[in-house]
Amino acid sequence: MKKVDIAVVGLGAVGSASLYFLSKSGKKVIGLDRFDPPHFMGSSHGETRITRLAVGEGEEYVEYAKRSQEIWRELETETQIQLLDPCGGILMDSGTTPWGKHGGDGFFQKTVDIAKSSQIPHLIWNPSELKAKYPQFLLEEAGNAYIEPSAGIVFPERIIQTQLELATKNGAEIKVYSPVNSISIKNGSVILDLKEYQFEAKKVLISAGGWIKDFLPKEEKLGYKICRQVLHWMEIESDCSYFNRSPVFMWGFGKNPEDFIYGFPTQDVRSIKMASESFVETSHPNNLDRSVSKGEQEIFWNEKVKGRFLGLTGKFLKSEVCFYTVRKDSKFVIQPLSSVPGTLMVSACSGHGFKHSAALGEELAERILSSC
């Protein structure tokens, strides 16, 4: 049985960040993943993610978002790899009814209130002001737009890859295609049971995303929903340049969480990535339908996109599937695994976790090291 000081199970957004910070401690650290990260089977792929500081999910997350941006800038300086593009961000509200997102109603106003209380620079524009600067958005006359210059894009695959490479450089060991079948306690140490061997660790962090359900007691599993999400790359009209340096955008147009669309400036000049959200539950990540039908694409175009944007042909160049691990209140869960002392778990980032992931990894590493 191989012995280590600390094991990290799951090397996605938070796990790779945690491993990086733990690797700087001089401890014997190992990271385990059931796939080969960065990969397309979890919640951290698809080229781009949004970063924003005024997070309407709760003011308690503002410092995580700020610190994560600082960490990515530090990693950019160290590696000379671009991880963050501060292209700005727009949050739009159609003005018909306060729209709900990530556990609450009135998401637009909550964002504005948090920006004010946290002194995050921003502007509020009416539809005419928005159209003058960004004519691609056909915001209703009753609507409003929140403009945040500090928002932008992060590149998830690059970030995960960079964090893992730096962790390895610092002496951490990484084992891919190594799913952990069970975790137990024996003589004060945590035993990780893999298919062909075991590890003994003094401390363990479980950052396995939706696979957290494999380690939870039966009564706790019900609190975690696996929700399939679909990302679309839509063709831009050949003579349209609106999306070349567009900010990232989020647009709520109804009272339901699904009455929502978000997107990014083009990364290839040919297409723009856009998506909505869905909260239909799948029992487990292994059971996720990863195919996207033409019918799904047509529904997305007709119900989300059509009539709201200029410069799109309506053609889908590709679509991909990822998933959220969601709690009812959309809050993060950071707590000991109740059945195994010495084990800390983090999961249920509920669809808004990547922008906070670097700072979460730093905090988790500090918690674990302080208890060693």
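The text that follows walks through the structure, step by step, so that each part is easy to find.

So, how was this worked out
- Residues numbered from 1 in each chain as written.
- Predicted model: local features only at pLDDT ≥ 70, side-chain atom pairs only at ≥ 80, totals over all residues.
- Heavy atoms only, no water.
- Helix = DSSP H or I, 4+ residues; strand = E, 2+ residues; numbered from the N terminus.
- Polar contact = N/O pair within 3.5 Å; in protein donor to acceptor, adjacent residues only side chain to side chain.
- Contact = heavy atoms within 4.5 Å.
- Expected span 1.5 Å × (residues − 1).
- Buried < 20%, exposed > 50% of the residue type's maximum accessible area, 1.4 Å probe, protein only.
- Arc of directions from axis to C-beta.
- Core = buried A, V, L, I, M, F, W, Y, C linked by side-chain atoms within 4.5 Å.
- Pairing = 2+ DSSP bridges.
- Salt bridge = Lys/Arg side-chain N within 4 Å of Asp/Glu carboxyl O.
- Phe/Tyr/Trp six-rings, centres within 6.5 Å; stacked < 30°, edge-to-face > 60°.

Quick look at the side chain of Ser178 now. Mapped onto the elements of the fold, Ser178 is located in the loop between β9 (173-175) and β10 (182-186). At a separation of 2.9 Å, a polar atom in the side chain of Ser178 contacts the main-chain carbonyl oxygen of Val176. Beyond its immediate chain neighbours, meaning those up to four positions away, Ser178 contacts Leu32, Asp33, Arg34, Leu194 and Tyr197.

What follows deals with unusual backbone geometry. In this structure, the amide linkage connecting Pro37 to the following residue, Pro38, adopts the cis form with an omega of 0°. With respect to the element layout, Pro38 can be found in the loop between β2 (29-32) and β3 (49-51). Residues other than glycine seldom take positive phi values, yet Glu47 does so here, at roughly 80°. With respect to the secondary-structure elements, Glu47 resides in the loop between β2 and β3.

This part covers helix α7 (residues 294-305). Under the 1.5 Å per step criterion, the end-to-end length of α7 is 15 Å for twelve residues, consistent within 8% with the ideal 16 Å. The complete set of buried residues in α7 reads Gln297, Phe300, Lys304 and Val305. Down the axis of α7, the buried side of the element spans an arc of 75°, and every buried residue falls inside it. Of the surrounding elements, those touching the buried residues of α7 are β13 (225-236), β15 (260-263), β16 (271-275) and β18 (312-326). One or two positions beyond α7, positive phi appears at Gly307, with a value near 85°.

The next point concerns the nonpolar core. Generally speaking, a soluble globular protein has its nonpolar side chains buried in company with each other. In terms of nonpolar packing, the biggest core is built from 67 residues, with Leu19, Trp72, Tyr146 and Tyr262 touching the most fellow members. Sequence-distant contacts of Tyr146, defined by excluding residues within four places in its chain, comprise Ala54, Gly89, Ile90, Leu91, Phe108, Thr111, Val112, Ala115, Ile120, His122, Leu123 and Ile124. Residues Val4, Ala201, Val321 and Leu337 belong to the second largest nonpolar core, which totals 31 residues.

Turning to the pairing of strand β12 (residues 198-206), a few remarks are in order. The side chains of a regular strand alternate between both faces of the sheet. Here strand β1 (residues 2-9) pairs with β12 via seven bridges, running parallel. Note that in β12 the partner of Ala7 across the bridge is Val204. Where strand β11 (residues 189-193) and β12 come together, four bridges link them in antiparallel fashion. Of the residues in β12, the one forming a bridge with Ile191 is Glu200. Counted along the chain from β11 to the antiparallel partner β12, the turn is four residues long. Bridge count between β12 and strand β20 (residues 343-347): three bridges; the pairing is parallel. Along β20, the bridge assignment pairs Leu205 with Leu344.

Here the focus is the pattern of salt bridges. For side chains bearing opposite charge, pairing can occur when the charged atoms are close. Within this structure, the stated rule accounts for 16 salt bridges. For Glu173, the salt bridge goes to Lys175, with nearest N and O atoms at 3.8 Å. Linked through salt bridges whose partners overlap, the residues forming this network are Arg67, Glu70, Glu74 and Glu362.

In this section: the sheet that holds strand β8 (residues 152-154). Sheet architecture is open: three strands sit in the order β3-β8-β4, paired in antiparallel fashion. Either end of the sheet is taken by a strand with one partner, and the two such strands are β3 and β4 (84-85). Pairing geometry for β3 and β8, over three bridges, is antiparallel. Note on β8: the bridge partner recorded for Thr51 is Gly152.

The next subject is the environment of Asp113. The residue Asp113 is located in helix α3 (residues 107-117) in this model. Considering only alpha carbons, one finds Asp113 and Arg327, 214 residues apart in sequence, at a separation of 24 Å.

To continue, consider the environment of Leu164. With respect to the helices and strands, Leu164 occurs in helix α5 (residues 156-169). Residue Leu164 is classed as buried on the basis of its relative accessible area of 6%. It is 38 Å that separates the C-alpha atoms of Leu164 and Gln136, two residues lying 28 residues apart in sequence. Not counting residues within four places of it along the chain, the set of residues in contact with Leu164 comprises Leu11, Ser16, Leu19, Pro37 and Ile174.

The description of an aromatic ring pair rests on the distance of the ring centres and on the angle between the ring planes. For the coordinates displayed, the defined rule picks out 17 aromatic pairs. For the pair Tyr61 and Phe332, a centre-to-centre distance of 4.6 Å together with 50° between the ring planes defines the contact as tilted. Linking Tyr61 in the loop between β3 and α2 (62-79) with Phe332 in the loop between β18 and β19 (333-336), this pair joins segments that are 271 residues apart in sequence. Residues Tyr61 and Phe332 agree in their burial class; the two are buried.

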